[in-house]
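Residues per chain are reported as follows:
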Amino acid sequence: MVPYRSALRRLVPSGPHAISAASVAFCLFLTVLAVKTPWAPLPRGVIAAAGLVASGAVWFRKRRPAAVAAVGAVAYALSGNPGPLLIGLFSGAGTRLGARFAALAAIGVAGFLAQQWIGNGGFGGDALLSAVAATGAVLLAGLYTATRRELTRSLRERAERAETERHLRDEQAKADERGRIAREMHDVLAHKVTLISLHAGGLEVNAGAEPARIQREAALIRLTAQEALEELRKIVGVLRAGHDDTGFADLRRLVESWASAGNTVTLHDDLGPLPVATARAAYRLVQEGLTNAHKHAPGAPVTVSVTGSPEDGVTIAVVNELRPGAYPSGGGAGLVGLAERFRLIGGTVRSAPDDAGGWRLEGRLPWDASARGTHDQNAAGG
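Going along each chain's sequence as written, the residues are numbered from 1 onward. Local features in this predicted model are restricted to residues whose pLDDT is 70 or higher, and side-chain atom pairs enter the listing and the counts only when it is 80 or higher, whereas totals over whole chains, interfaces and linings include all residues. Neither water nor hydrogens contribute to the side-chain values; these are computed over all heavy atoms in the structure.

K.L.:
Where do I start with the overall build of the protein chain in this structure?
P.N.:
To qualify as a helix, a DSSP run of H or I must reach at least 4 residues; to qualify as a strand, a run of E must reach at least 2; elements of each kind are numbered from the N terminus. The helix and strand inventory of the protein chain stands at 12 helices and 5 strands. Burial here depends on accessible area, computed with a 1.4 Å probe over protein chains only, as a share of the maximum for the residue type. Under 20% is buried, over 50% is exposed, and the range in between is partly exposed. Within the protein chain, the fraction of its 382 residues that count as buried is 36%. The contact criterion used is simple: two residues touch if any of their non-hydrogen atoms lie within 4.5 Å. Long-range contacts, defined here as pairs at least 24 residues apart, represent 67% of the contacts in the protein chain between residues at least 6 apart. With an accessible surface of roughly 21,200 Å², the protein chain has 60% of that area assigned to carbon and sulfur atoms. Using the Shrake-Rupley algorithm and a 1.4 Å probe, accessible areas are obtained, with residue cover drawn only from the displayed protein chains.

Below you can see the structure in the form of structure tokens.
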């Protein structure tokens, strides 16, 4: 069947119109044979006229199949040429049983019986059975072909739709990955570059300081740059491997790095080690809070607190005083990415003024955020 369809497509590349033209030509060929033999007891002129009219009607087999079948039934009775009748019945069978199907069945049986009547002067029970069988066979063949064609078209459309959806999912996955990389880069570079700027600023202001201090500040700048490169390498590894890295979750070290740059940062953390995904999200929030505190309220004391329990979840807060004229730290790309990160693992982020006149960045997470993240990924994948 497949090679036959492929060969047919190569022979008739123009589609339905070419098939209709081929059907007309086939019926004309049968008309020539019917006249030459002849196939009916009527004069050859009648046979030719009936065959020509019915053959021409075949061109409209798609738009008016019942009319084509009716003309073909009359032509079959007059000329003995069954082509137009068979093509009309086959083309009109459609994909559903109904009034048109019943009308075509009646036309087919009447056409076969009329040919028997004119050719043999009457018909008996066997002729009736033959007419019903022939009509039923043609209609069922047409019904099967139309149903198969409809099913093939439906499957093709579904395949094309699935391919389009897969392409969209791929593009969305790429966009999500680009966004994830951008957030990771922002988190690392903004923090480390800010620390480098702080140390470099200290060297600039105290250019005449003793060599030991200059050497210490230069060493801190070098160390911070090395840490930035190391964290960037870790990010690439995490993104490739698809899992979190505990190297990002050392809050105490993070706070000490800011304090060593001359900031007043206090850490209150009595919870101890947290699950990896939770610890990493907490690290990112504190990192973003410290960076924004330096940007919008440089020199203001900052308090970092981590509280909670396995039952109640974890709350991370970064609170800083606002200097006169300082701008609140809210609405930047870092906070948008941070809020999305927390949302994906079942947490929330809030950034707003606190009751003491400072600014508070607060995040809430379930105790084991990795469980929620895995659940969400499985749901998305399903």
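Okay, back to it.
K.L.:
Where do I start with the pattern of salt bridges in this structure?
P.N.:
Where charged atoms of side chains with opposite charge meet at close range, the side chains can pair. We define a salt bridge as a side-chain nitrogen of Lys or Arg found within 4 Å of a carboxyl oxygen belonging to Asp or Glu. Enumeration according to the criterion identifies 5 salt bridges in this entry. Note that glutamate 150 is salt-bridged to arginine 153, the shortest N-O span being 2.1 Å. Residue glutamate 150 and its partner arginine 153 are both found in helix H7 (residues 125–205); the two are separated by 3 residues, about one turn of the helix. Accessibility expressed as a relative area gives 38% for glutamate 150, which makes it partly exposed. In this structure, glutamate 163 engages arginine 166 in a salt bridge whose closest nitrogen and oxygen atoms are separated by 2.7 Å. Here arginine 166 and glutamate 163 lie together in helix H7, a separation of 3 residues that amounts to about one turn. In the salt-bridge network here, residues are joined through shared partners; they are Arg360, Glu362 and Arg364.

K.L.:
What exactly am I supposed to notice about the sheet that holds strand E1 (residues 265–269) here?
P.N.:
Adjacent strands of a sheet pair through backbone hydrogen bonds, lying either parallel or antiparallel. Strand pairing is assigned whenever DSSP detects at least two bridges linking the two strands. Across the sheet, which stays open at both edges, the 5 strands sit in the order E1-E2-E3-E5-E4 with mixed pairing between neighbours. The sheet is open, and its two edges are formed by E1 and strand E4 (348–353), each paired on a single side. The mean angle between the axes of side-by-side strands here comes to 10°, regardless of whether they run parallel or antiparallel. Fitted lines through C-alpha atoms serve as axes, helices being fitted only where they are in contact, and the angles separating the N-to-C directions of these axes extend from 0 to 180 degrees. Contacting E1 and strand E2 (302–309), helix H9 (residues 251–260) crosses the sheet at an angle of about 165° to E1. The strands touched by helix H10 (residues 276–296) within the sheet are E1, E2, strand E3 (313–320), E4 and strand E5 (359–365), with E3 carrying the most contacts at an inclination of about 10°.

K.L.:
Explain the packing of aromatic side chains here, please?
P.N.:
Aromatic ring pairs are described here by two measures, namely the spacing of the ring centres and the angle between the planes. Centres within 6.5 Å make a pair out of two Phe, Tyr or Trp rings, where for Trp the six-membered ring is used; the pair is then stacked when the planes are under 30 degrees apart, edge-to-face when over 60, and tilted otherwise. Within this structure, the stated rule accounts for 1 aromatic pair. Pairing tyrosine 76 with phenylalanine 112 gives two aromatic rings, centres 5.6 Å apart and planes at 80°, and the pair type is edge-to-face. Placement of tyrosine 76 in helix H4 (residues 65–79) and of phenylalanine 112 in helix H6 (residues 99–120) is noted, with a sequence separation of 36 residues between them. For the pair tyrosine 76 and phenylalanine 112, a shared accessibility class is recorded, and that class is buried.

K.L.:
Would you take a moment to explain the nonpolar core for this structure?
P.N.:
Nonpolar side chains tend to gather and get buried jointly when the protein is soluble and globular. Core analysis: the largest hydrophobic core is formed by 32 residues, its most contacted members being Val286, Leu290, Val304 and Ile316. When contributions to this core are tallied by element, the ones reaching two or more residues are H7, H9, E1, H10, E2, E3, helix H11 (333–344) and E5. Here this core takes 9 residues from H10, the largest share from any one element. Every residue in contact with isoleucine 316, bar those within four places of it in the chain, is listed here: Ala282, Leu285, Val286, Ser305, Val306, Leu361, Glu362, Gly363 and Leu365. By size, the runner-up hydrophobic cluster in this structure holds 16 residues, among which are Ala73, Leu89, Ala93 and Val109. Working definition of a nonpolar core: buried Ala, Val, Leu, Ile, Met, Phe, Trp, Tyr and Cys residues. They are joined through side-chain atoms within 4.5 Å.

K.L.:
How should I be thinking about the confidence of the model for the protein chain in this particular structure?
P.N.:
The predicted structure's coordinates, where accompanied by low pLDDT, should not be read in detail. Averaged over every residue, the pLDDT of the protein chain is 81; residues scoring 70 or more account for 80%. A score between 0 and 100, pLDDT records how confident the predictor is in each residue. The secondary structure element of the protein chain with the lowest average pLDDT is helix H12 (residues 369–381), at 50, and the one with the highest is helix H3 (residues 44–57), at 94. Low pLDDT, under 50, characterises residues 241–248; the predicted model gives this stretch 18 contacts beyond four residues in sequence or across chains. In this model, residues 373–382 is a region of pLDDT below 50 whose contacts with residues beyond four sequence positions or in other chains number 3 contacts.

K.L.:
For this particular structure, what's the right way to read the environment of proline 84?
P.N.:
With respect to the element layout, proline 84 can be found in helix H5 (residues 83–92). On the basis of relative accessibility, which here comes to 1%, the residue proline 84 falls in the buried class. When residues no more than four places from it in sequence are discounted, the contact partners of proline 84 are Cys27, Ala54, Ser55, Val58, Val68 and Gly72.

K.L.:
Just checking my understanding: could you explain the pairing of E1 for this structure?
P.N.:
Taken residue by residue, a regular strand's side chains alternate between the two faces of the sheet. Two elements, E1 and E2, share 5 bridges in a ladder whose sense is parallel. When the bridges of E2 are listed, valine 265 appears paired with valine 302. Handedness of the β-α-β unit built from E1, H10 and E2 comes out left-handed. Here a crossover is taken to be right-handed if, once the strands point away from the viewer, the path from the first strand over the helix to the second is traced clockwise.

K.L.:
Would you take a moment to explain the pairing of E5 for this structure?
P.N.:
Burial of E5 is extensive: 5 of the 7 residues sit out of reach of the surface. Relative to E5, E3 runs antiparallel, the two being bridged by 7 bridges. When the bridges of E5 are listed, valine 314 appears paired with leucine 365. Summarising the sheet, E4 and E5 pair through 6 bridges and their orientation is antiparallel.

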